[in-house]
Amino acid sequence: MAVRRQAHEWRNVMPVGETKILNNHPVLVPNNVHTVALPQGIPVDIFVGDIGNTLDVPGELKAFQYIVLDAIAVWPQTLAAQIYVNTTRYFQRPDGVPHEGITGNVVPFPNGNSGIINFDYREGLNPPLYIAPGQTWGIEVTPMEDIPEYTGNDVKDSNIAFCYVKYLLVDGVDALVAKALIDAGWEITVENIEKYKELVVRNNLLTALADIDTEGRKRRV
């Protein structure tokens, strides 16, 4: 089955000086890192920004891929996360104007951090966000107030900025099923993808049996 659960965790942590190389990959050395100060109101792209563990390329879907983005969380509580697809922002005000997004007061990472519990989004985003083939997507985090820099032994989970995103990646033949589910008004879930394929197989078998029965009656006549 070409449906995979994917997740990405971003942190505003960078090395101090040179990084250690392990198996040809750079790794952070304990007490040799620092968090990057995040000024109030300045958005940071967690995929293609220049802060933290970012990626080399933006999140872009191939011709036969769908994404079901169903969970997002941030920390500290003064950090907000906004999802974008092409030029469209997911979280908007009632007047339709996009804002900074939802904060760690609503979706703390991890859930229950510092006693703040995620009640509204306990099961993730509802409804989830569907990202179609060919679209470019990503997440920006914006501090609602200045987040200071920490270095050395002061770098702890309690003062690191986090953003966590979780989604389903649907590709290959299952992407065609996902398109059919969207056209039929069904939700894209693993269960619905399997159910749809079972219905297709069952209908094809019934059609084949009906053709055989018709041929049999013709021969008897």
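Everything numeric here is computed off the predicted structure, so don't read it as measured data.

Conventions used here
Residues numbered from 1 in each chain as written. Predicted model: local features only at pLDDT ≥ 70, side-chain atom pairs only at ≥ 80, totals over all residues. Heavy atoms only, no water. Helix = DSSP H or I, 4+ residues; strand = E, 2+ residues; numbered from the N terminus. Polar contact = N/O pair within 3.5 Å; in protein donor to acceptor, adjacent residues only side chain to side chain. Contact = heavy atoms within 4.5 Å. Salt bridge = Lys/Arg side-chain N within 4 Å of Asp/Glu carboxyl O. Buried < 20%, exposed > 50% of the residue type's maximum accessible area, 1.4 Å probe, protein only. Pairing = 2+ DSSP bridges. Axes fitted to C-alpha atoms, helices over the stretch in contact; angles between N-to-C directions. Expected span 1.5 Å × (residues − 1). Core = buried A, V, L, I, M, F, W, Y, C linked by side-chain atoms within 4.5 Å.

1. Examining the side chain of Gln65
Step number 1: Residue position: Gln65 is located in strand E8 (residues 65–75).
Step number 2: Within the structure, Gln65 has its side chain in polar contact with the backbone nitrogen of Lys62 (distance 3.0 Å).
Step number 3: Once you skip the residues sitting within four places of it in the chain, Gln65 turns out to touch Ile131, Ala132, Pro133, Leu169, Val170, Asp171 and Ala175.

2. Considerations on the pattern of salt bridges
Step number 1: A complete count under the given rule lists nine salt bridges for this structure.
Step number 2: Linking Asp174 and Lys197 is a salt bridge whose minimum nitrogen-to-oxygen distance equals 3.0 Å. Of the two residues, Asp174 sits in helix H1 (residues 173–184) while Lys197 sits in helix H2 (residues 190–220), which places them 23 residues apart along the sequence.
Step number 3: With its nearest N and O atoms 3.2 Å apart, the salt bridge here joins Glu194 to Lys197. Of this pair, Glu194 and Lys197 are both found in helix H2, three residues apart, which corresponds to roughly one turn of the helix.
Step number 4: A relative accessible area of 29% places Glu194 in the partly exposed class.
Step number 5: Several salt bridges converge on common partners, so that one network encompasses Glu9, Arg11 and Asp157.

3. So, the sheet that holds strand E1 (residues 3–11)
Step number 1: The sheet built from four strands is open, its strands ordered E1-E14-E8-E12 with antiparallel pairing. Only two strands of the sheet have a single partner each, and these edge strands are E1 and strand E12 (129–131). On average, each strand axis in the sheet is inclined to that of its neighbour by 25 degrees, with strand direction left out of account.

4. Looking at the pairing of strand E13 (residues 136–143)
Step number 1: Of all eight residues making up E13, seven are buried, and the element is well covered by its neighbours.
Step number 2: Pairing geometry for strand E9 (residues 79–85) and E13, over seven bridges, is antiparallel. Across the sheet, Leu79 pairs through a bridge with Pro143, a residue of E13.

5. Considering H1
Step number 1: A rise of 1.5 Å per residue sets the reference length of H1, with its 12 residues, at 16 Å; its end C-alpha atoms lie 17 Å apart and thus fit the reference within 8%.
Step number 2: Among the residues of H1, Asp174, Ala175, Val177, Ala178, Ala180 and Leu181 are the ones counted as buried.

6. Some thoughts on the nonpolar core
Step number 1: Counting 40 residues, the largest nonpolar core has Trp10, Leu69, Trp137, Val141 and Cys163 as its most contacted members.
Step number 2: For this core, the elements supplying multiple residues, two or more each, are E8, E9, E12, E13 and strand E14 (162–171).
Step number 3: By residue number, the principal contributor to this core is E8, which donates six residues.
Step number 4: When near neighbours in sequence (up to four residues on either side) are disregarded, Val141 contacts Trp10, Ile42, Pro43, Val44, Ile46, Val74, Leu79, Ala80, Ala81 and Cys163.
Step number 5: Among the nonpolar cores identified, the runner-up in size contains 11 residues, and Tyr66, Leu168, Val170 and Leu181 belong to it.

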